[in-house]
Amino acid sequence: MVRCFLIHTVCPVSALGAGETRVLYSRLFGPDEGMLSDQELSLEERRVLQKEKIAVVARQVRSAVALSREASGRPLVETVPGEEALALQEADGGVVRLRAGDPFSEEMSALWLGVQSLGFTLVCEPHENLLLAEGTLRNLTRHCLEHLHMLGQGSEVLLRSNRIDALLSRLLPHGQLLFLNHRFGQSLEKEVAAYMAK
Amino acid sequence: MYSHGSESLIKQAREIQESELQKFYSRLVKLLQGKDFGHETVDSLQRLHLILSASKYTRTLPPELQKRVQSLLSSPAEQLQVLSSAVLRETPPLSGQELNYNQENVSQLNSHAAALLLSQAGSRADLSSLCAQLLRSLESRSSEGPSHSLTHTLPILNTILTHSPQCLTEDQETLLSKKLVDWLRYASITQGGGASSGGFFTGPRSRQPAPIAELDGTVSGDFFTVLCVGQGFTDDQWMNVYSFSMLRHWLLTYHSVSNDSTTADTANRLQLSLSLSHSHSFSNDDRSEIDGSVVSMVSATSSSSRLLPPKERLREKAFQYCQRLIEQSDRKAHKRIDADLQKACLVEAVCILDCVCVEDASLVYRTFPCIKALFGRLSSDLSFARVMLPIAQFYLNHGEMAAVDCESVWNLVFGRFPAELFNDHFLAHELLRFLRLNLESLQLRVPQYTHSFPNLLKLLAWDSPAAVDDFVDLLPSLVTAGTAVELLHTLLDLPCLSATLVLQLRSACLPISEPGGRGLLSLDAFRNPSFRGLFLFLLRVEAGSGDTIDRLGTLHELLAEVADWPRVVQCAQTVPVLLHIFFNTVTTVADEKLLAHLVLVMLERSSLLLIIPKYIKEIHRVFSCHLLRLCKLHPSLVVDQSHELLEFAGATANVYSKEEIYTHVVWVLGEYLSVSCDSRCSVRLITSCFEALEAVLFEVTSSAPPPGAVCPAPRVVTTLMSALAKLASRSHDLIPRVSLFLSKLRTVTRGGSVAWCSDEEDLVAIVTRGEELWSLLKAPGVAQSVLTPPPHVTTPQWHRDINVAMPLRLRALTNLTHSQ
């Protein structure tokens, strides 16, 4: 299962410190893992804890992206709206090992895809099929870039987050990775497109 | 992509004033009071979501607003469902109005409402009732209703299982097992969903549903799987996809090997499974060598399989499904996305087969031929490397039982993969994970593991930030007495390996005659035949051909320009950590002879390192720390290696170029070169050591440092002085010489500043220490017991020591009896 999906900055943000990152979208799947432990936390406290966990993941991915880009030395290709396919092709990807306790109670793998200044991250449970997760992440990223016009200067990722929710409910329902061949995929994408058109 | 606009939106959302917020709330309530909801409502709800989610501190909505938003959860418009669910997830439920987990109107539980229930579940009981509800809806589902309104049921159940497997009762488990079997194995094999071709020919013949097809276009001849296509899909075909997607997790959760299975049980299963395989038709190729079991043709069903209980039946069907997937993956898919899916399916299928075989060992004989064939088919194609890892896991788990030769698998995993695919992030991650999870098994069954570190370290050298965490866990297992020295050299030269890998890739990409550009000199060197041997040694695949090369210095010179390559710098930063782990581990497996050898390696390599700023200093620090520890553990090492240590300590140049190590070498000489540490320590040895150190001290304190070097830290001088004093306390003839030097030092420094010490305070500290030692040495007996304390002082035995015990006991008893 996928525990969460995030979209966050991987470039320096002027309002923030050096290694910090701004989370633009986050979605945790399933029941709260803290709920089953002995801690007696109220819903507010649980929510704060969840947000903090997401922030930890985003920071770790941010630093992984920075180091990876520094090591590879590839210049960042600037793309404009309309060039989503190229942006995706030029995107760099990787996976970060999140140790047990840091921040989830079990070990997780955080797959990331860096498209210019933004990172798309999928946090998967240890026994998950990472090949499938990689493909799903690419697919989700492509849809986000297209339907939210993310290569432009707009803020639709903030103002139209319901589109991402709808996208996730089809392609990654409740965090379940799906084995979709091109036909099943097309069928779901038609539904997504119908939703986005509203 | 990320603009100032977004940044200011977030800021606004966080800093919205309370009055403005209340106005916004009441406006939204008014909007929601109407019957029709247009764009304005949607935009306002979206804005509300942004305000709530932008801050990590929770805001509560006014009850009226919250109630209205909650009613939107069951709205026919999906946008409103999505938004209301998203908004309500960010805010606590109204007190007394917690979502009822025992609702009867089950059919209204759409995916987004269910997501809300999940996120706000407060206890296992909540989750259990949610499960019960969902299963009821699955059972009572009739053929009407939107096509996949209930497909979200399986994902929800799956996510609940992750957190709390006990949420399902045994009956519920059985029910779901049966349903999974139905969907996986008995889904329709005709195309669904109004698959009319349209056009002119709409006669009765075209209304007959067409059969499903394989990915290469041929008509499918067997049951439906995720690798089958059609124009449209029926409900149960959708459920087939969802069922397979959760199958592995289900099996892992509920089908772990039961501890209470008796031998009779296993025998029964074995018999049943063998009878199943006999009733299947034979396959033409690849008969297993094991007697009595044959490969089954997947499509032929056996009537005896219905005799199995639901759990075992599911296992059997999962087995068949996976075998079919493996067959289907051999077909040439027309589309790239399908080819990728085939690979993912192969991984999943092998993992599920492994899972199923762990649970029921009798299936191993039926499975192995298939896995072996798959390995044979894919092993030479590196693009299928990631499929090889689950296969390797299978071999590791079951190879011994099936008496199959696994060598070719390990040659691939430890040989080709790290050597040729080191730059594949995902493969590296999965390979290292595989090693971590199977460490014990590998150490037992794969003898070449401990010799494969030159290859495995390539993964670290290429992508240090990602791999270092895994190597912190793996390195201890790679430290063996036989390979420790070579491993140490390899770790010290990791940055060179990193640079070499970069050069290897560049050399393959760039044409021979590339003019100018970065890395020209090192690339030339890499391509130069006379230096080939150096690089080939670094790129070797296994240990055993030699600890290191003679021309290491040449190699470092050739790679001088790589010192600022980011990849090399990142790699260099991980080496100190690994060295610490290495030394901590090696003391547990090495004998004194090996430790002595390691000390020599440290001394030798301290001047033979790739020149990267800070790298050398860090390595020296690590060496110093562990030199100290090793000598403390085995003090006789110092006498053993006294010749080399003296050689090092007697070279004045070392004071300036390797200050840290030099200080520590002098310290260990002073501390452990004594008869109480090793009886072989002779007066002659002490004297020669004394003379060597004395000479250096004279030189250092009589002239300015050589051009280009800084003044030595006061610690070096005081350590030298202390060492001399210690040695003198063991051989009293030397005391006058030390005393003479120390008084001379006092005289000289009274004259003001000196060329060899730039700071006033430092000089004062040095002189003070000199005076302390001088006065101590005036009473040789005292000096001896202070500077060379007998062992029972340095390792006190407290209550174990008869002499010390009695006073301690008396004191304790007195304290107990005096209750105040």
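Each remark here, short or long, concerns the structure printed above.
Residues numbered from 1 in each chain as written. Chains lettered and ligands numbered in written order. Predicted model: local features only at pLDDT ≥ 70, side-chain atom pairs only at ≥ 80, totals over all residues. Heavy atoms only, no water.

Caption draft 1: Quick look at the overall build of chain B. Summing up its helical and strand segments, chain B has 39 helices and zero strands in all. When burial is assessed residue by residue, chain B has 53% of its 820 residues classed as buried. Long-range pairs, those at least 24 residues apart, make up 74% of the contacts in chain B between residues at least 6 apart in sequence. Total accessible area on chain B stands at roughly 37,400 Å², and carbon and sulfur atoms take up 54% of it. (Helix = DSSP H or I, 4+ residues; strand = E, 2+ residues; numbered from the N terminus. Buried < 20%, exposed > 50% of the residue type's maximum accessible area, 1.4 Å probe, protein only. Contact = heavy atoms within 4.5 Å. Areas by Shrake-Rupley, 256 points an atom, 1.4 Å probe, with all protein chains shown as cover.)

Caption draft 2: Highlighting the packing of helix α26 (residues 566–589) of chain B against helix α28 (residues 615–633) of chain B. Residues and elements named next belong to chain B. Interaxial distance between α26 and α28 falls to 9 Å at its minimum, and their mutual angle equals 10°. Taken together, α26 and α28 sit at an angle that is classed as roughly parallel. Only Y615, E618, I619, V622, F623, C625, H626, R629, L630 and L633 of α28 make contact with α26, whose side of the interface consists of A572, V575, P576, L579, H580, F583, N584 and T587. When the residues that make up the contact of α26 with α28 are grouped by side-chain class, the tally is 12 nonpolar, four polar and two charged. (Axes fitted to C-alpha atoms, helices over the stretch in contact; angles between N-to-C directions. Parallel < 35°, antiparallel > 145°, perpendicular 65-115°, else oblique. Nonpolar A, V, L, I, M, F, W, Y, C, P; charged D, E, K, R; others polar.)

Caption draft 3: Geometry of the environment of B:E542. Residues and elements named next belong to chain B. Positionally, E542 belongs in the loop between α24 (532–538) and α25 (552–558). Under the relative-accessibility criterion, E542 is labelled partly exposed at 48%. Considering only alpha carbons, one finds E542 and H620, 78 residues apart in sequence, at a separation of 27 Å. Once residues lying within four places of it in the same chain are set aside, the contact partners of E542 are H451 and P454.

Caption draft 4: Layout of the pairing of strand β4 (residues 108–115) of chain A. All names here are of chain A. Burial of β4 is extensive: eight of the eight residues sit out of reach of the surface. The alternating pattern of β4 places M108, A110, W112 and G114 and S109, L111, L113 and V115 on opposite faces, both of which are buried. Two elements, strand β3 (residues 92–98) and β4, share seven bridges in a ladder whose sense is antiparallel. Within the sheet, the bridge partner assigned to D92 lies in β4 and is G114. Pairing of β4 with strand β5 (residues 118–124) involves seven bridges; the strand directions are antiparallel. Along β5, the bridge assignment pairs L111 with L122. Counted between consecutive antiparallel strands, the loop separating β4 from β5 contains two residues, among which Q116 sits at a positive phi close to 50°. (Pairing = 2+ DSSP bridges.)

Caption draft 5: Region of interest: the sheet that holds β4(A). Residue and element names in this part refer to chain A. Taking strand neighbours across the sheet as the criterion, the five strands line up as β2-β1-β5-β4-β3 in an open arrangement whose pairing is antiparallel. The two strands at the open ends of the sheet, each matched to only one other strand, are β2 (23–28) and β3. Neighbour-to-neighbour, the strand axes of the sheet open up by a mean angle of 15°, direction not taken into account. Bridge analysis of strand β1 (residues 2–9) against β2 gives five bridges, and the strand direction is antiparallel. Of the residues in β2, the one forming a bridge with F5 is R27.

Caption draft 6: Quick look at empty space enclosed by the protein. All names here are of chain A. Taken as a whole, this structure holds 11 cavities of 30 Å³ or more when the rule is applied. There is about 140 Å³ of room inside the largest cavity. Taken together, the elements giving at least two residues each to the lining of the largest cavity come down to α1 (43–72), α2 (84–90) and β4. Residue composition of the lining of the largest cavity, by class: six nonpolar, three polar and four charged. (1 Å grid on protein atoms, 1.4 Å probe; cavity = no way out; pocket = protein on both sides within 12 Å on 5 of 7 lines; lining within 4 Å. Points joined across faces, edges and corners; volume = space filled by probe spheres on them.)

Caption draft 7: Spotlight on the interface of chain B and chain A. The partner chain A presents 79 residues to the 94 residues of chain B that form the contact. Here B:E78 and A:R170 are joined by a salt bridge, their closest N and O atoms 3.0 Å apart. Our count for the contact surface shared by chain B and chain A stands at 40 residue pairs in polar contact (both at pLDDT 80 or more). Among the elements that make up the side of chain B that touches chain A, the one with the highest residue count is helix α10 (residues 235–254) of chain B (10 residues). Split by residue class, the side of chain B that touches chain A holds 42 nonpolar, 31 polar and 21 charged. (Salt bridge = Lys/Arg side-chain N within 4 Å of Asp/Glu carboxyl O. Polar contact = N/O pair within 3.5 Å; in protein donor to acceptor, adjacent residues only side chain to side chain.)

Caption draft 8: Highlighting the layout of surface pockets. Each pocket or cavity is described by its volume, and for the largest pocket that value is around 1,500 Å³. Taken together, 46 residues make up the lining of the largest pocket; nearest its centre are A:E134, A:G135, A:R138, B:R336 and B:D340. Partitioning the lining of the largest pocket into residue classes produces 20 nonpolar, 13 polar and 13 charged.

Caption draft 9: Looking closely at the nonpolar core. Membership of the largest hydrophobic core comes to 308 residues, with the highest contact counts inside it found for A:F5, A:F120, B:W410 and B:F582. With residues up to four places along the chain from it excluded, the contact list for A:F5 reads A:Y25, A:S26, A:R27, A:F29, A:F120, A:T121, A:L122, A:L137, A:L140, A:I164 and A:L168. (Core = buried A, V, L, I, M, F, W, Y, C linked by side-chain atoms within 4.5 Å.)

Caption draft 10: Spatial organisation of the pattern of salt bridges. With the rule as written, the count across this model stands at 48 salt bridges over all chains. Across the pair B:D330 and B:R377 runs a salt bridge whose closest N-O atoms are separated by 3.2 Å. Taken together, the residues span a long stretch of sequence, with B:D330 in the loop between α12 (310–328) and α13 (336–359) and B:R377 in helix α14 (residues 364–378) at a distance of 47 residues. Judged by relative accessible area, which is 32%, B:R377 ranks as partly exposed. Salt bridges sharing common partners tie together A:R97, A:R99, A:E107, B:R436, B:D469, B:D470 and B:D473.

Caption draft 11: Quick look at the packing of aromatic side chains. The tally for this structure, following the rule as stated, stands at 24 aromatic pairs over all chains. The interplanar angle of 85° and the centroid separation of 6.5 Å between the aromatic rings of B:F583 and B:F623 together place this pair among those described as edge-to-face. Taken as a pair, B:F583 in helix α26 and B:F623 in helix α28 lie far apart in primary sequence, 40 residues in all. Residue classification places B:F583 among the buried positions, given a relative accessible area of 2%. Taking relative accessible area as the criterion, B:F623 reaches 1% and is therefore assigned buried. Through a chain of ring-to-ring contacts, three or more aromatic side chains come together here, namely A:F184, B:F224, B:F233, B:W238 and B:Y242. The ring of B:W462 carries B:R567 above its face, with NZ or CZ at 3.7 Å from the centroid. The ring of B:W774 has B:R746 sitting right over it, with the charged end atom 4.9 Å from the ring centre. (Phe/Tyr/Trp six-rings, centres within 6.5 Å; stacked < 30°, edge-to-face > 60°. Lys NZ or Arg CZ within 6 Å of the ring centre and 35° of its normal.)

Caption draft 12: Spotlight on the pairing of β5(A). Residues and elements named next belong to chain A. Counted residue by residue, β5 has seven buried out of seven residues, so it is predominantly covered. Burial along β5 is two-sided: L118, F120, L122 and C124 and G119, T121 and V123, pointing in opposite directions, are all buried. Strand direction decides the pairing type here: β1 and β5, joined by seven bridges, are antiparallel. Bridge assignment links F5 to a residue of β5, and that residue is L122.

Caption draft 13: Geometry of α13(B). The end-to-end C-alpha distance of α13(B) is 35 Å, a good match for the 34 Å that 24 residues give at a rise of 1.5 Å each. Within α13(B), 18 of the 24 residues are buried, which leaves it mostly tucked inside the rest of the structure. (Expected span 1.5 Å × (residues − 1).)

Caption draft 14: Local environment of the packing of helix α5 (residues 161–171) of chain A against helix α6 (residues 182–196) of chain A. Residue and element names in this part refer to chain A. At a minimum axis distance of 10 Å, the contact between α5 and α6 shows a crossing angle of 165°. Regarding the angle of α5 to α6, the classification is roughly antiparallel. Classified by chirality, the crossing of α6 by α5 is right-handed. Judged by residue contacts, N162, R163, A166, L167, R170 and L171 of α5 engage L188, E191, V192, Y195 and M196 from α6. Among the residues forming the contact of α5 with α6, the class breakdown is seven nonpolar, one polar and three charged. (Left-handed = near helix turned anticlockwise from the far one by under 90°.)

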